[in-house]
Every structure is written in structure tokens, then in C-alpha cells.
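Close look at the chain arrangement
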Amino acid sequence: MSPLEPPRARRVAVIGGTRVPFARSDGPYATAGNQEMLTAALNGLVERYGLDGPGAVGEFVAGAVLKHSRDFNLARETLLGSKLDPRTPAYDIQQACGTGLQAVIAAANKITLGQTESAVAGGADTASDAPLGVNDTLRRILLEARRAKSAGARLRALAKVRPSHLVPDVPRNAEPRTGLSMGEHAAATARAFGVTRREQDELAAASHQRLAAAYERGFFDDLVVPFRDLTRDQNLRPGSTVDKLAALKPVFGLGGPEPTMTAGNSTPLTDGAATVLLASEEWAEARGLEPLAYLTAYETAAVDFVHGDVAGGEDGLLMAPAYAVPRMLERAGLGTEDFDLVEIHEAFASQVLATLAAWEKRGLAPVDRARLNVAGSSLATGHPFAATGARIVATLAKLLAGRGGPGRGLISVCAAGGQGVTAILERP
């Protein structure tokens, strides 16, 4: 190949993944930071695939949504505290709830272009150890005091401090452009698409029941590594039923008619971390590793949830996958009927149902519910924002491999900021 000749695109194999059990915020992981959780997940991957040798992995890319200043270089610091070769490069990435899948895409791009042979992608998030910011007025006063040229000027600046300035800034689950929480945005979309309470509770109950069944049959034995005395996702409720969920009171959309969204059909705040190992076919073959599946396509999209058609549901905050998936499928020459499995991140049951309805509105075939989130998803596992994408990729890849023949899986992840990240996994 001449220096000017473009590189040949290579297939990207999904070898496997590991994660820690996900925990509800302020629970077992209340004192565990992003680095500790991500290191545990990464070490589980290193041990399972023998990645502790020199240069075993070409790169590590990961991220978090809620980050302390100490996590400014999260991926690299995590790697330095792990069993991976410390000479392995690492960098951070962030796209809200799409972070984990975007990390996978970033790593895959380098593998397909021949820039590296293998990479680990992932993410972590803790709602328990969320960063608290200094009140902005207090920050400005302290900066003024620091810049002061004399003791008197410094004292005059500090004299401006008031008790109200000592109240910290706490991260809010709200969009800066609208002031509305993700749940309130989802409630507006649910009304626009006419999503019913029963439909949402049915989806939530199925998520718990399917996740419980997957644990019982040992599906997660090599995907989940114990951490801080947890061996299963803490949010899992095996006994969840539609009748039990129906007893819960709505918590979002209370200002509108007949609110339908409850704590039971919405994802709780969660702590956790996940990683996934990607590689070229040559790298996998040289190490005797059988790829579970191949990452063959991906697409991102965004909607104008501030000025767009929000009332009509077209530009709801979490509706970007309604645009990304049809574009990706058109490019790949596929329809939803061509997929054996479909994984839609369950930020809210209403959002999943609205996404399915939007795909049909755009001419895609209805998704067979028997193929949707067959091992449970975020409503049951929980949703540590940046970890979800890696969790889904590893889970779907193993599900495809377990079918014993060719298969194809679709991934759809909505994200804050009106964005969506989608992908296709295939097993020849």
C-alpha cells in the first residue's frame, strides 16, 4: 500500500465485556468514585482475557458524565491503577448517556483503520459521589481576593461573603436550555405519542423478569464481576408485575392530564461501571479468542428539543434515535425486520415506546417485542450514565453468540441534550 492509498477497512470484533453490578445511588457504592468502579470493571476484563502483558491492548477509552475535578483524566488514571500495561494510552470521551457507546465507536474507528489492533472501551458514573461546586458568587469573591494586591483589598473582598454563598451548587437532572428534568421532557413525549400507563408498566415488569431469568440461567456469570459485596444489580426486582407497578404514584408530568410515569417505569439514579474489549480479527485469532459479534455500523443524531416540534413528539428530548436508526438502516440496506435482537436503552418505559412508535411512523416495520431487550435493560439494571453503552454492547454480543448461528442486533441509546447514538452488531 502506498503512503497515499487509503487504508482497507477492517472488521471490528467484539470479544467480550465485564462490568460491576449496578447499584442504586447512596447505597453500596456511596463511597466509591468513578475510578474505583471503572478500575474494578477493567481489571475483571484483564483477568478474563489475559490482558496483563506488555502492550496487550492498544488503547483504553472511557468517560463519565458526573465528574470531579480529580477525574479530569479518568481513563488514564483508571488505567494506571489497573492491571493493564501502564504504557497503554488512554483518553476520555463524553456524550451524556451515549458516552459508553461513543467510546466503543471511537475505539472501533481506530481498529477499522488499522491504527490499533485492540482497544478497551467503557464508562462509569456515580450519582452518589456527584461533584458539588462552589457557589458561583463565592467563587468570584475568592478569585477577587486572590487577585488582590494588598491585605486590605483581600479583606474587603472576603467581607462580601454572605451565608447564602456557602450553599454549594449541586448537579441538577435538568436541561440547561429548558430547566426541565429528563423525566418531565419524557412525560411530554409520552403525551404526544399517547403512551399509556399500562404499556409502560408492562415494559418495566418484563425488563425485571427477563433480567432475573438471565441471572438465573448464568448468562451474566462471565459479564458481571462482584464488587463491594454485590453480585447482582441491586435495582433488580424479580417479583415485579404489572399489578404491583400499577400501585405506584406518578412522579413526572404531574402538571398535565393523567400522568403515567412512575418511579417503577423510570430508571433510578445508579452507580456502576462497564467495559468491553474490541479487536481486529487478526488480533483475536492470534490469541485464540472467538469474537462474539462484529460492530458493522453506527450512527448519531440530534433533535432541536428547545425550539423544534416538541409538543408533537418529533423533537422530544430523547427522540434522536428516531432519526438515527432510519438513517443507519437505509445506509445499511436493512429494515427492523432484519434484526434478530433489538436493544433499546430504557431511560424510561415511555421513551422506549415512543421510539418504537416513531420508527413505525417513519416507515419501519414494527419491532417484535419478543426480540426487544430479551435479557432486561436499564429499567431493571439501573443506568450509570456513561456505563450503559458498554453494558449493552457486551450483553448483545453475547446474546448473538448464544444463538448458535448468524444473527444481527440493533442498539439504540438516547442521551441528554437531545442526542442519540445507535449501532449494529452482527454475527456471520
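Here, the structure is the one placed above.
I will try to describe carefully the structure that is included in this document. As the structure is a computational prediction, the values presented were derived from the model and not from experiment.

About the cut-offs
- Residues numbered from 1 in each chain as written.
- Predicted model: local features only at pLDDT ≥ 70, side-chain atom pairs only at ≥ 80, totals over all residues.
- Heavy atoms only, no water.
- 1 Å grid on protein atoms, 1.4 Å probe; cavity = no way out; pocket = protein on both sides within 12 Å on 5 of 7 lines; lining within 4 Å.
- Points joined across faces, edges and corners; volume = space filled by probe spheres on them.
- Helix = DSSP H or I, 4+ residues; strand = E, 2+ residues; numbered from the N terminus.
- Nonpolar A, V, L, I, M, F, W, Y, C, P; charged D, E, K, R; others polar.
- Polar contact = N/O pair within 3.5 Å; in protein donor to acceptor, adjacent residues only side chain to side chain.
- Contact = heavy atoms within 4.5 Å.
- Axes fitted to C-alpha atoms, helices over the stretch in contact; angles between N-to-C directions.
- Buried < 20%, exposed > 50% of the residue type's maximum accessible area, 1.4 Å probe, protein only.
- Pairing = 2+ DSSP bridges.
- Core = buried A, V, L, I, M, F, W, Y, C linked by side-chain atoms within 4.5 Å.
- Parallel < 35°, antiparallel > 145°, perpendicular 65-115°, else oblique.
- Left-handed = near helix turned anticlockwise from the far one by under 90°.

Counted by the stated rule, this structure contains one cavity of 30 Å³ or more. Space inside the largest cavity adds up to approximately 50 Å³. Lining the largest cavity, in full, are G17, T18, R19, L223, A274, T275, A390, R391, A394 and T395. In terms of residue count, helix α13 (residues 388–401) provides more of the lining of the largest cavity than any other element does, four residues in total. Class assignment for the residues of the lining of the largest cavity results in four nonpolar, four polar and two charged.

Looking now at the side chain of N135. Tracing the chain through its elements places N135 in the loop between β5 (118–125) and α4 (136–147). Polar side-chain contacts of N135 include one of 2.9 Å to the backbone nitrogen of T137. Setting aside residues up to four positions removed in sequence, N135 forms contacts with S164, H165, V167, P168 and D169.

Let's shift gears to the packing of helix α3 (residues 99–112) against α13. Following both chains from N to C, one finds α3 and α13 inclined at 65 degrees, their axes separated by 5 Å at the closest point. Where α3 abuts α13, its residues G100, L101 and V104 lie against G389, A390 and V393. Considered class by class, the residues forming the contact of α3 with α13 number four nonpolar, two polar and no charged.

Looking now at the pairing of β5. Of all the eight residues making up β5, eight are buried; the element is thus mostly covered by neighbouring parts of the structure. Alternating positions in β5 separate into two faces, S118, V120, G122 and A124 on one and A119, A121, G123 and D125 on the other, with burial throughout. Alignment of β5 against strand β8 (residues 270–280), held across eight bridges, turns out to be antiparallel. Paired with S118 across the bridge in β8 is A279.

Among the nonpolar cores identified, the biggest contains 45 residues, and L101, F220, I411 and L425 are the most heavily contacted of them. The contacts of L425, once residues within four sequence positions are left out, are V14, A293, Y294, L295, V393, L396, A397, L400, G407, R408, G409 and I411. By size, the runner-up hydrophobic cluster in this structure holds 37 residues, among which are A75, A90, A273 and L289.

The N-to-C vectors of helix α10 (residues 321–332) and helix α11 (residues 349–361) enclose an angle of 45 degrees; their axes lie 9 Å apart at closest approach. Comparing their axes, α11 and α10 come out oblique. Pair α10 / α11 crosses with right-handed handedness. Here α10 contributes P321, A322, V325 and P326 to the contact with α11, which in turn contributes T355, A358 and W359. Along the lines of polarity and charge, the residues of the contact of α10 with α11 split into six nonpolar, one polar and no charged.

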